[in-house]
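Chain and residue survey
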Amino acid sequence: MKTTVKGLIIKRTPFKENDMLLTVLTAEKGKMTLLARGIRKSRRDLSGYQTLAYAEFEIFEGRGMAVVDDAEVCEPFEGLRKDIESLSLVQYFADAAAYVSTDRGNPEMLRLLLNSAALLSDAKADKLVVKTVFELRFAREGGGAPSGGWCAVCGEKPAVWSVSQGLLCDKCACGDGFSLSEQELAAIDHILSSSGMRTYRLPIETKDLGHLSGLTEKYLEYHLEHRFDSLDYYKQFESFGK
């Protein structure tokens, strides 16, 4: 059966002599593996087959693997290919999405990934802001985000963030977790309650942003029980800028 699907290419794997396996995140069918035949030696336009391109695929689906008949790029995110730091950060986002995605559609996860990629490609937002928003919203889409604005145990105003329990007040934390400033608490609430591109307009200063970004990173790593190589690669560039 021939059908059409749009998705973001999050990984390419060489297959046999001339073929390529594309791991694609779609809104309707979740994570898909598509077979692109002959493209490793093809001279045609391959912009719709490059990693981190959002493309529309014409595919044949049968008993085996879905086969790509044609791919037309919808958004190449060209700006990412001119900035290795932004590219590595979006690859981390893509790896995280691929790690939790199944064959069930998750439009919100794809939208989060595309919005984050677009802002970095166009250099319209601070990298740490995009990273912090992505990690916290990613946790929310997976059902593991911390409570926003109240202690996860007693419901009082939170003061610390425990990577294992979420936001806690001083009494319930019993010495566990990392202290949060008022700006960090406001930023967490903003990220969890906002929608669209407004989510990335954080009410936070640079010092607090760096601390909060470290916490969202720790929180995600703890709950996924996985550390991504692409994150470590991105962190190299982050440390160079300090």
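Residues numbered from 1 in each chain as written. Predicted model: local features only at pLDDT ≥ 70, side-chain atom pairs only at ≥ 80, totals over all residues. Heavy atoms only, no water.

**Observations concerning the overall build of the protein chain**
We apply this condition: A run of H or I in DSSP becomes a helix once it reaches four residues, and a run of E becomes a strand once it reaches two; helices and strands are each numbered from the N terminus. Each radius of gyration reported is based on C-alpha atoms, and the globular scaling rule is 2.2 Å times the count of residues to the power 0.38. Between two residues, a contact is recorded if the distance between any of their heavy atoms is within 4.5 Å. We get accessible surface area from the Shrake-Rupley algorithm with a probe of 1.4 Å; when it comes to residues, only the shown protein chains can shield them.
A tally of helices and strands in the protein chain yields 7 helices and 8 strands. Compactness check: the protein chain gives a C-alpha radius of gyration of 20 Å against a globular reference of 18 Å for 242 residues, within 12% of the reference. Dimensions along the principal axes, computed over C-alpha positions, put the protein chain at roughly 60 × 40 × 30 Å. Residue pairs in contact within the protein chain that sit at least 24 positions apart in sequence constitute 56% of those at least 6 positions apart. Within the structure as shown, the protein chain displays about 12,300 Å² of accessible surface, and the carbon and sulfur contribution to it stands at 48%.

**Description of the sheet that holds strand 8 (residues 178-179)**
Which entries qualify depends on this criterion: Note on pairing: two strands pair once DSSP finds at least 2 bridges between them.
Within the open sheet, the 3 strands sit side by side as 7-6-8. Their pairing is antiparallel. What marks the edges here is a single partner per strand, and that holds for strand 7 (166-168) and strand 8. As defined by bridge partners, strand 6 (residues 160-162) adjoins strand 8 across 2 bridges and the pair is classed as antiparallel. Along strand 8, the bridge assignment pairs Trp 161 with Phe 178.

**Digging into the pattern of salt bridges**
Heads up, the rule is: For this document, the term salt bridge refers to a Lys or Arg side-chain nitrogen within 4 Å of an Asp or Glu carboxyl oxygen.
One pass over the structure, following the stated rule, counts 14 salt bridges. Each of the salt bridges in this network shares a partner with another, and the network as a whole consists of Lys 131, Glu 135, Glu 217, Glu 221, Arg 227, Asp 232 and Lys 235.

**What to know about the environment of Phe 57**
Assignment of secondary structure puts Phe 57 in strand 4 (residues 54-60). As a C-alpha pair, Phe 57 and Gly 7 span 50 residues in sequence and 7.8 Å in three-dimensional space.

**Observations regarding helix 6 (residues 206-224)**
Note the cut-off: Helix span is expected to be 1.5 Å times the residue number reduced by one. Buried, partly exposed and exposed residues are distinguished by accessible area as a fraction of the type maximum, computed with a 1.4 Å probe on protein chains only: under 20%, between the cut-offs, and over 50%, respectively.
Between the first and last C-alpha of helix 6 there are 27 Å, a value that for 19 residues agrees with the 27 Å anticipated at 1.5 Å per step. Among the residues of helix 6, those classed as buried are Asp 208, Leu 209, Leu 212, Ser 213, Leu 215, Thr 216, Glu 217, Tyr 219, Leu 220 and Leu 224. Glu 225 sits one or two residues past helix 6 and shows a positive phi near 55 degrees.

**With respect to the packing of aromatic side chains**
Put simply, the rule is: For Phe, Tyr and Trp, rings pair up if their centres lie within 6.5 Å, where Trp contributes its six-membered ring, and each pair is then called stacked (planes under 30 degrees apart), edge-to-face (over 60) or tilted (otherwise).
Counted under the stated rule, the structure contains 7 aromatic pairs. Aromatic pair Tyr 233 and Phe 237: ring centres 5.2 Å apart, planes at 80 degrees, arrangement edge-to-face. Residue Tyr 233 and its partner Phe 237 are both found in helix 7 (residues 229-240); the two are separated by 4 residues, about one turn of the helix. An aromatic cluster of three or more residues is present, and its members are Tyr 92, Phe 93, Tyr 99, Phe 134, Phe 138 and Phe 228.

**Side note on the environment of Ala 27**
Mapped onto the elements of the fold, Ala 27 is located in the loop between strand 2 (19-26) and strand 3 (30-36). Judged by relative accessible area, which is 22%, Ala 27 ranks as partly exposed. Placed 210 residues apart in sequence, Ala 27 and Phe 237 show a C-alpha to C-alpha distance of 31 Å. Beyond its immediate sequence surroundings of up to four residues, Ala 27 is in contact with Lys 6, Gly 105, Asn 106, Pro 107 and Leu 110.

**Here we look at helix 5 (residues 182-193)**
Taking 1.5 Å of rise per residue, the 12 residues of helix 5 would be expected to cover 16 Å, and the 16 Å separating its terminal C-alpha atoms lies within 8% of that figure. Among all positions of helix 5, only Glu 184, Leu 185, Ala 187, Ile 188, His 190, Ile 191 and Leu 192 are buried.

Taken by themselves, the reported measurements are silent on function.
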